[in-house]
Amino acid sequence: MAEVNEEKSLNFIQQIIKDDKKNGKNESRVHTRFPPEPNGYLHIGHAKSICLNFGLAQQFDGKCNLRFDDTNPSKEETEYVDSIMEDIKWLGFEWEGDPHYTSDYFDQLFEWAVKLIKDGKAYVDDQSAELISEQKKSPTEEGIESPYRNRSVEENYDLFLRMKNGEFKDGEKVLRAKIDMNSPNMHMRDPIIYRIMNAEHHRTGNKWCIYPMYDFAHGESDYLEGITHSICTLEFEVHRPLYNWFVENLTDTEYRPRQIEFARLNLSYTVMSKRKLLELVEGNIVSGWDDPRMPTVSGLRRRGYTPDSIRMFADKIGVAKRENVIDVSLLEYCVREDLNNKAPRAMAILDPVKVVIDNYPEDKVEMMNIAYHQKDESMGSREVPFTKELYIERSDYMEDAPKKFFRLSEGREVRFRGAYILKCESVEKDADGNISVIHCTYDEETRSGSGSEASKRKVKGTIHWLSASHSLDAEVRLYDRLFSDPAPDGHKDVDYKEFLNSESLEILSNCKVEPALANVKPLDFFQFVRMGYFNVDKDSTKEKLVFNRTVSLKDSWAKMNK
RNA sequence: UGUCCCAUGGUGUAAUGGUAACACAGCAGAUUUUGAUUCUGUCAUUCUAGGUUCGAGCCCUAGUGGGACAACCA
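Small disclaimer: the values here were computed from a predicted structure and weren't measured.

Engineer: Please explain the overall build of chain A as it appears in this structure.
Structural biologist: Scanning chain A for helices and strands turns up 13 helices and 25 strands. Computed over C-alpha atoms, the radius of gyration of chain A comes to 31 Å, more than 25% over the 24 Å expected from 2.2 N^0.38 for 562 residues, which places it beyond the range of a compact globule. Each principal axis of the C-alpha atoms in chain A carries an extent, and together these give about 100 × 55 × 40 Å. Across the 562 residues in chain A, those meeting the buried criterion constitute 52%. Across chain A, every contact between residues at least 6 apart in sequence was considered, and the portion connecting residues at least 24 apart equals 70%. For chain A, the computed accessible surface area is about 26400 Å², with 46% contributed by carbon and sulfur atoms. Side chains of chain A carry 80 positive and 99 negative charges; the gap between the two charge centres is 4 Å.

Listed below in structure tokens is the structure:
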């Protein structure tokens, strides 16, 4: 991985780390962590955080842990743990040692809670959630202290043990830190640090019926793992004083983890909250977490995005504290950029129409050797059969075409890529007036690569083609943005689902691909010449090939005609 | 009538008191056996008002605008 390039400017987090290292803070160690809650699939916003945390560790010769923040057994599942690990690995990162779990620290966390009680810094509150919430008041008024706030240490300790032993029902009691009910920061108004929850935990089973809250568990888990820079998103900014309060009140070493907040990623034309993505999945609005239209890592993977393209994206969007909305076109630019170099070229006809070459011998089959990549010989080449009856794209023929239409029209010539120059002579139409056959003639002297003068002739257009008798059938799925509005969840009075794009998925079942694609496997990717980048879907079988369009090619012709 | 955070082209990000730059998007052109790629050119930026300074996008003050915070979620 790239070292920190002195030429390149540092983002504000890199700057902080550089300074900390220079000043010898925490013995100049750098240790970050990626701390997902296993209650959903990772999305592109998490990918930004992953690239940040793991990237920082690489750049500063440090380490990065993976830690599942699993303090809420009612929402968390092993399925999510597995998918998260798969996605991180796929993105190309390796965490330090084994994955960690906040649940690994439940015993220590409990001991620390007891310490707070014994130091007179925590108390058991018998009030309901509603009452406690009411007493906290609003940020602009002073809160009211709980009547249980001044219980004795002994009573608190006894009660807390009984909470742990399962003597109370859910919600009957909580443990609160005793801080300041008048703090202008709501998080300091005696925050709850343990609640009773009789739920089975995905890892600890039924061992516990009390679980620590995020603010208490997160910072202390950082502390236990020796994390130096605890990077999170902006909404945790107001939690930082509490993060520091726990560390100050529970530990007696010099070492201090530091929480740093950055602005989360927002992408235009999409939604990013786990809740909304879950809703799309459970409402069957999409086919699953890995629906190729989803901004999830698994969706992007299935769509044909490469790990490199996502890392490139994360690098280009930068890191700052300002709210931002990144244009999806930047994401698309990144895949195109990556795939342009990596994708073998192939020919596929999405909307076929037949071409008959009137002057071509009836049963002749010529094998045209065509490179997989024009600029990268190492990709090799394949043979593509050329015959009298071919398929071309229906949109590559136009009646009464304008001068700037560089494709087939009566009397016009076009290069059939890697084969001959053909001239369109006439067309046949069916009863409905649709074109059924395009009649052409070919010039034998113009065969590609033959070196003849005629073969070097320039014609304005080049189109792709397939032999009608050799081509394979395929299904092609075209995707468009899931939402038609740039900010689907940015409207106060309109639900984001109102902006769902009804044309986000188009299935073409009558497509043709070249015979060289007979043995493709899921995730194999190609550029279908002139059409875009495509990959093989997991639904694909030998009997029924299925391709996803990852992204179209830039199309200045289409743009010109808008 | 609180606390905290943020403010640079259309969108992002840089410039760390010394010529406001890079990318994406847009536009125009060259090349091209992919109307792709590549290449060239081009449009467009410091929220406002004061202050400090020889010099301010950067430091200070005030204002304006945006955001976060009032789950027994993370």
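Engineer: Could you clarify how one ought to interpret the pattern of salt bridges in this entry?
Structural biologist: A pair can form between side chains of opposite charge whenever their charged atoms are brought close. The tally for this structure, following the rule as stated, stands at 47 salt bridges. Taking the shortest distance from any N to any O, the salt bridge between Asp 338 and Lys 342 comes out at 2.9 Å. Of the two residues, Asp 338 and Lys 342 both sit in helix α12 (residues 328-342), four residues apart, roughly one turn of that helix. We classify Asp 338 as buried; its relative accessible area is 7%. For Glu 475, the salt bridge is made with Arg 477, and the minimal N-O distance between the two is 2.8 Å. Overall, the relative accessible area of 9% leaves Glu 475 in the buried class. Shared partners join several salt bridges into a network, and the residues in it are Asp 290, Arg 302, Glu 475, Arg 477, Asp 537, Lys 538, Asp 539 and Lys 544.

Engineer: What should I look at first to understand the state of the cysteines in this one?
Structural biologist: By definition, a disulfide links two cysteine residues through a covalent bond between their sulfur atoms. In the structure shown here, the tally under the stated rule is zero disulfides. The structure places no disulfide on Cys 424, whose sulfur is separated from the nearest cysteine sulfur, that of Cys 440, by 5.0 Å. Note on Cys 424: relative accessible area 0%, which makes it buried. Given the relative accessible area of 0%, Cys 440 is considered buried.

Engineer: Even after reading the chapter, I still don't get the environment of Thr 270, so can you show me in this structure?
Structural biologist: Note that Thr 270 resides in the loop between β9 (258-262) and α9 (274-282). Considering only alpha carbons, one finds Thr 270 and Ala 419, 149 residues apart in sequence, at a separation of 43 Å. Leave out the neighbours within four places in its chain, and Thr 270 touches Pro 295, Phe 483 and Pro 488.

Engineer: Explanation requested: the domain arrangement of chain A in the structure shown.
Structural biologist: One widely used convention gives an interface's size as the accessible area the parts lose upon coming together. Partitioning chain A into structural domains gives domain 1 (13-262), domain 2 (274-344 + 474-560) and domain 3 (348-464). On a C-alpha basis, the centres of domain 1 and domain 3 stand 65 Å from each other.

Engineer: Even after reading the chapter, I still don't get the packing of aromatic side chains, so can you show me in this structure?
Structural biologist: Geometry of an aromatic ring pair is reported as the spacing of the ring centres plus the angle between the planes. Under the defined criterion, the tally for this structure stands at 26 aromatic pairs. By way of ring pairs, the aromatic residues Phe 106, Phe 110, Phe 160, Tyr 194, Trp 208, Tyr 211, Phe 216, Trp 245 and Phe 246 are connected into one cluster. If you follow Arg 29 out to its NZ or CZ, it ends over the ring of Tyr 255, 5.4 Å from the centre. Arg 203 extends its terminal NZ or CZ atom over the ring of Tyr 101, reaching a point 3.5 Å from the ring centre.

Engineer: Quick question: what am I supposed to make of the packing of helix α4 (residues 106-118) against helix α6 (residues 153-164) here?
Structural biologist: Angle between the axes and distance between the axes: these two values describe a pair of packed helices. Relative orientation of the contacting elements α4 and α6 amounts to 160°, with a least axis distance of 9 Å. The angle between α4 and α6 falls in the class roughly antiparallel. As α4 packs across α6, the resulting crossing turns out to be right-handed. For the pair α4 and α6, contact is made by Phe 110, Ala 113, Val 114, Ile 117 and Lys 118 and by Val 153, Asn 156, Tyr 157, Phe 160, Leu 161 and Lys 164, respectively. Class assignment of the residues belonging to the contact of α4 with α6 gives a composition of eight nonpolar, one polar and two charged.

Engineer: Got a minute to help me understand helix α2 (residues 44-59) in this structure?
Structural biologist: Compared with the 22 Å implied by 1.5 Å per residue over 16 residues, the 21 Å span of α2 between its first and last C-alpha is a close match. Backbone geometry just after α2 places Asp 61 at a positive phi near 60°.

Engineer: How do you make sense of the layout of surface pockets when you look at a structure like this?
Structural biologist: Rolled over the atoms, a probe as big as a water molecule pinpoints where empty space is left. By volume, the largest pocket amounts to about 1200 Å³. Taken together, 43 residues line the largest pocket, and the ones lying closest to its centre are His 46, Thr 233, Glu 235, Phe 236 and Arg 264. Of the residues assigned to the lining of the largest pocket, the class counts are 17 nonpolar, 14 polar and 12 charged. Residues lining the lining of the largest pocket come from more than one domain, with at least three contributed by each of domain 1 (13-262) and domain 2 (274-344 + 474-560). Of all the secondary structure elements, the ones that give two or more residues to the lining of the second largest pocket are α10 (297-303), α12, β21 (472-479), β22 (505-513) and β25 (545-552).

Engineer: Can you help me understand the sheet that holds strand β5 (residues 174-177) in this one?
Structural biologist: In sheet architecture, strand pairing relies on hydrogen bonds along the backbone and comes in two forms, parallel and antiparallel. In spatial order, the strands read β4-β5-β6-β7; together these four strands make up an open sheet with antiparallel pairing. This sheet does not close on itself; its edge strands, each paired only once, are β4 (122-125) and β7 (210-212). Ignoring strand direction, the axes of neighbouring strands in this sheet form an average angle of 20°. Strand direction decides the pairing type here: strand β6 (residues 192-196) and β7, joined by three bridges, are antiparallel. Opposite Ile 196, over in β7, you have Ile 210 as the bridge partner. Across the sheet, helix α5 (residues 129-136) touches β4, β5 and β6, and the angle it forms with β5 is around 15°.

Engineer: Please explain the sheet that holds strand β16 (residues 413-416) as it appears in this structure.
Structural biologist: Across the sheet, seven strands lie side by side as β19-β16-β17-β18-β12-β15-β20; this open sheet has mixed pairing. Looking along the sheet, the strands with just one partner apiece sit at the ends: β19 (462-463) and β20 (465-467). Alignment of strand β17 (residues 421-429) against strand β18 (residues 435-442), held across seven bridges, turns out to be antiparallel. Following the sheet pairing, Lys 423 is matched in β18 by Thr 441.

Engineer: What am I meant to see in helix α7 (residues 214-225) here?
Structural biologist: At 3.6 residues per turn, the α-helix brings residues three or four places apart onto the same side. Over its 12 residues, α7 runs 16 Å from end to end, which matches the ideal 16 Å to within 8%, given 1.5 Å per residue. Taking burial as the measure, the 12 residues of α7 include 10 buried ones, the bulk of the element. Among the residues of α7, those classed as buried are Asp 215, Phe 216, Ala 217, His 218, Gly 219, Glu 220, Ser 221, Asp 222, Tyr 223 and Glu 225. Gly 226 sits one or two positions beyond α7 and adopts a positive phi of about 75°.

Engineer: Got a minute to help me understand the protein's contact with RNA strand B in this structure?
Structural biologist: Neighbouring RNA strand B are 73 residues; Thr 71, Arg 322, Lys 375, Ser 448 and Gln 527 lie closest to it. Here Gly 418 contributes a backbone N or O atom positioned 3.1 Å from a base oxygen of RNA strand B. One of the side-chain N or O atoms of Ser 556 is found 3.0 Å from a phosphate oxygen in RNA strand B. At four residues, the largest contribution of residues to the surface near RNA strand B is made by α12. Taken together, the residues of the surface near RNA strand B break down into 25 nonpolar, 24 polar and 24 charged.

Cut-offs applied
Residues numbered from 1 in each chain as written. Chains lettered and ligands numbered in written order. Predicted model: local features only at pLDDT ≥ 70, side-chain atom pairs only at ≥ 80, totals over all residues. Heavy atoms only, no water. Helix = DSSP H or I, 4+ residues; strand = E, 2+ residues; numbered from the N terminus. Rg over C-alpha atoms; globule rule 2.2 N^0.38 Å. Buried < 20%, exposed > 50% of the residue type's maximum accessible area, 1.4 Å probe, protein only. Contact = heavy atoms within 4.5 Å. Areas by Shrake-Rupley, 256 points an atom, 1.4 Å probe, with all protein chains shown as cover. Lys, Arg positive; Asp, Glu negative; His and termini not counted. Charge placed at Lys NZ, Arg CZ, Asp CG, Glu CD. Salt bridge = Lys/Arg side-chain N within 4 Å of Asp/Glu carboxyl O. Disulfide = S-S within 2.5 Å. Domains from an automatic or database assignment. Phe/Tyr/Trp six-rings, centres within 6.5 Å; stacked < 30°, edge-to-face > 60°. Lys NZ or Arg CZ within 6 Å of the ring centre and 35° of its normal. Axes fitted to C-alpha atoms, helices over the stretch in contact; angles between N-to-C directions. Parallel < 35°, antiparallel > 145°, perpendicular 65-115°, else oblique. Left-handed = near helix turned anticlockwise from the far one by under 90°. Nonpolar A, V, L, I, M, F, W, Y, C, P; charged D, E, K, R; others polar. Expected span 1.5 Å × (residues − 1). 1 Å grid on protein atoms, 1.4 Å probe; cavity = no way out; pocket = protein on both sides within 12 Å on 5 of 7 lines; lining within 4 Å. Points joined across faces, edges and corners; volume = space filled by probe spheres on them. Pairing = 2+ DSSP bridges. Near = heavy atom within 4 Å. Polar contact = N/O pair within 3.5 Å; in protein donor to acceptor, adjacent residues only side chain to side chain.

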